[in-house]
Every structure is written in C-alpha cells, then in structure tokens.
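Next come the chains, spelled out residue by residue.
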Amino acid sequence: MPQAERIVWIDAARGICVLAVVLMHTTLSAYLGYLQPGTSTGFWSWFIDAMTPFRMPGLAMLSGLLLARRIRTGWSDSAVRVSIASSYWLYAVWLLVFALFAGLIGSHVWTGPVGVGEGLRLDAYLNQLVLPRTILWYVFALAVWSALLATLHRVDPGLVLVTLTILSICSHYVPVADDNDQYRNLLRYAVFFAIGVYGSPWLRERVHAGHAPFAVAALAVYLGAGGIIAQGDPHVGAVLSVPRDAAAAVLLLLLMSVLCRVRAIGAVLGWVGRRTLPIYVLHGLLLETLAFAPHWGAVIDRAGVRSVAPLLVTAAIAILSIVVYELVMRTPARAVFELPRSVRALLR
C-alpha cells in the first residue's frame, strides 16, 4: 500500500489521543466546578481514568513514529534542528499567551501556574521555559525528547530504552510541589516516544498488517499488567506501568488501523489528526474562556444533553480551535503556529 495511505491510521490515532486529552481537561473542569457544577461527569470521569494508559503513551509513541527518520540521523539533518526549534518556539510563544491571559483576564485552572489575576508574572514565565507547569508541557517535551535522542543517535537503542524505562518508573517517586509540576511527565513518557522512534518500521509493518500474534501479545500484556496493577500496590504499579502503557498504546494503534479501513472514518479522524497542534495549544484557553461565560451550562441543560456535555464541549473546542488556526494562518500572526521563516532558513 502506498505510504500516503499507511499514514492515515497514524494521523487518525493522533487525533483520537489529542481529543482524549481535551475530553479529560473538559471533564476535570466540570468536575472541579470551574465550568458548570451541575454537569453530569460520572461516566466521563470513569472514562478518562480508563483512557490513561492509552492517551499520553499513545500520543508519545505516535510522535516518535512520525519523527523517527529525522531523529535517527542526528543533528546533522537540518530537519531535526528545525523540528526541535519549532517545538520549543511554539512552547515559548503559547506559554507567553497563557501568561498574558492569566495576568490580564484571569485564570481558573489551566493557565493558573503562570499568574492568577496578578498581571504578567515574568518570573513564572521564565521559570517555565525550563520547568513546565502547564498543559503545554507536551510541546516542551517534544523538543526535549527529540534533542535527547538526536544527541544519542549513535548509542545502542536497547541501552537508551532500558535507561528511559528506569526513568519512567522513577518518575512516580519524584517529589513535586503540587499537581502542576509537569516535569515528571517528561520522565514518565519519554520511553514511549523512544519506542516510536526506534521501533518505527517494525511497528508500522505489524500495525498496518493487523498482525494477529502481535495484537494478542499486546492484549495479554495489557490485561496481565493491568490486572496486577489493579491490586493496588503503588510500587508494583510503578514498575508495571511501562509494559501496560506500551501495550495499551499498541492496541490503540491496532484499533485505529482497523477502523481506518472504513474510508469515512479514516478521512474524518485523519483530517483532525493533521490539525492536532491548534487543538492542543488552544483548548486550555478556550476552557478558561468558557468558564467566564455566564449561564453557558443552562443552554446545555435546556437541550437535555447534560450527560454528554463533556463530549459536546470537546467537539466544539476542537472545531473552534481548527477554525481559529485556519484564519490565523492566513495572516502575519501565523508565527504563533509556526517557526518564523528567517529562523527556519538559518537552521537549514
């Protein structure tokens, strides 16, 4: 099958992962009372918990799959330099937008770590250029992970994977000041990014072919490790989280490769998956904005759809994010979504 067709399930899976992130934050917003305390969140709270092994491990593995060829060539490839600089540029720009929003408009939860109604906190902004504390951490992580593996491109992949697995386990014991300290996630999910980078050809081939023994093995690892983790020992859970989450990510890829055989599903989810950047960086701001909108929950209540409110809000945020992106990309302000051409040319 042509390469262009094989990428459909990758884009679709990436779209599902990012939408799952938005759904999680939407549900948490409602659950914490920042949006509409009366919104029904019972099922969705359970669902976002169940998606934990799939959501970020899957997104990290997919990112590794997409960046594998560049990273494996090391820093000598200009595409690597541009990719890393682009990720960090986007992080710095959108962190500044978060800080301005929190300082000038206000904050409920998603922009809080860069200032809550106190004006622009320059110190918080500068600190987070090194240690992320907002939901933008994943954009930062892409730059860090890519730079790390590009630097280690001559090191045995097995050694790198073992080291990152140990770091992932140890991340569960890293002390943090509060739940906003996101640098633990950089340690926890780096191994899944590396699996995507080093296993790219092998994973693509088996997932695309729907390799049955591969699927059965992944399911067995997921159920086995998950069953043991469910017994509740946190130390055992820390150790087994890596194989469980890696297997969950693989199962997600396998499922999406099957679903995308239905052309309509592949077309829609693939289209969303190619526009995950604006959805990811904008959804926190849109949730914050929604919290300031008076009586928004009453509209949903009158429509009689409270039980699916998180899903509806997630869909609305995704659509609005893409609309904003398409409009902005037609103006000079497109620099907020892409590395300036002058910098790109310099890196090449």
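Peer 1: Before we go on, may I ask you to explain the overall build of the protein chain in this structure?
Peer 2: Looking only at helices and strands, one finds 16 helices and 0 strands in the protein chain. Here the protein chain holds 348 residues, and the buried ones make up 49% of them. Taking the intrachain contacts of the protein chain between residues at least 6 apart in sequence as the baseline, contacts between residues at least 24 apart amount to 76%. Put simply, the protein chain shows about 16100 Å² of open surface, and 68% of that area lies on carbon and sulfur atoms.

Peer 1: When you look at the nonpolar core in this model, what are you seeing that I'm missing?
Peer 2: Nonpolar side chains in soluble globular proteins generally cluster together in the buried interior. Membership of the largest hydrophobic core comes to 85 residues, with the highest contact counts inside it found for Trp94, Trp137, Tyr138, Trp145, Leu149 and Phe193. Residue contributions to this core peak at 11 residues, all from helix H11 (residues 234–259). Excluding residues that lie within four positions of it along the chain, Tyr138 makes contacts with Met56, Leu59, Ala60, Ser63, Trp145 and Tyr280. In terms of nonpolar packing, the next biggest core, distinct from the first, is built from 5 residues, Val80, Ile84, Ala147 and Ala150 among them.

Peer 1: What is the right way to look at the side chain of Ser200 in this model?
Peer 2: Locating Ser200 in the fold gives a position in helix H9 (residues 200–209). When residues no more than four places from it in sequence are discounted, the contact partners of Ser200 are Leu65, Ala68 and Ile195.

Peer 1: Is there a simple way to explain the packing of aromatic side chains in this structure?
Peer 2: Remark: the centre distance and the inter-plane angle together describe each pair of aromatic rings, the angle taken between the planes. Enumeration over the complete set of coordinates arrives at 17 aromatic pairs. Considering the side-chain rings of Phe43 and Trp46, the 5.7 Å spacing of their centres and the 40 degrees angle between planes classify their relative orientation as tilted. Of this pair, Phe43 and Trp46 both sit in helix H2 (residues 42–50), 3 residues apart, which is roughly one turn of the helix. An aromatic cluster of three or more residues is present, and its members are Trp137, Tyr138, Trp145, Tyr189, Phe192, Phe193 and Tyr280.

Peer 1: Hey, could you run me through the packing of helix H3 (residues 52–73) against H11 in this one?
Peer 2: The packing of two helices is summarised by the inter-axis angle and the distance between the axes. Packing of H3 against H11 brings their axes to within 8 Å, and their N-to-C directions diverge by 70 degrees. Relative to H11, the element H3 is oriented roughly perpendicular. Residues Pro53, Phe54, Pro57, Gly58, Met61, Leu62 and Leu65 of H3 form the contact with H11, whose own contacting residues are Arg244, Asp245, Ala246, Ala248, Ala249, Val250, Leu251, Leu252 and Leu253. A class-by-class count of the residues in the contact of H3 with H11 yields 13 nonpolar, 1 polar and 2 charged.

Peer 1: Quick question: what am I supposed to make of the packing of helix H13 (residues 276–292) against helix H15 (residues 309–328) here?
Peer 2: In the contact formed by H13 and H15, the axes pass within 9 Å of each other and the chain directions differ by 115 degrees. Like other packed secondary-structure pairs, H13 and H15 cross with a definite hand, here right-handed. In this structure, H13 contributes Pro278, Ile279, Leu282, His283, Leu286, Leu287 and Leu290 to the contact, and H15 contributes Val313, Ile317, Ala318, Leu320, Ser321, Ile322, Val324 and Tyr325. Here the residues of the contact of H13 with H15 sort into 13 nonpolar, 2 polar and no charged.

Cut-offs used in this document
- Residues numbered from 1 in each chain as written.
- Predicted model: local features only at pLDDT ≥ 70, side-chain atom pairs only at ≥ 80, totals over all residues.
- Heavy atoms only, no water.
- Helix = DSSP H or I, 4+ residues; strand = E, 2+ residues; numbered from the N terminus.
- Buried < 20%, exposed > 50% of the residue type's maximum accessible area, 1.4 Å probe, protein only.
- Contact = heavy atoms within 4.5 Å.
- Areas by Shrake-Rupley, 256 points an atom, 1.4 Å probe, with all protein chains shown as cover.
- Core = buried A, V, L, I, M, F, W, Y, C linked by side-chain atoms within 4.5 Å.
- Phe/Tyr/Trp six-rings, centres within 6.5 Å; stacked < 30°, edge-to-face > 60°.
- Axes fitted to C-alpha atoms, helices over the stretch in contact; angles between N-to-C directions.
- Parallel < 35°, antiparallel > 145°, perpendicular 65-115°, else oblique.
- Nonpolar A, V, L, I, M, F, W, Y, C, P; charged D, E, K, R; others polar.
- Left-handed = near helix turned anticlockwise from the far one by under 90°.

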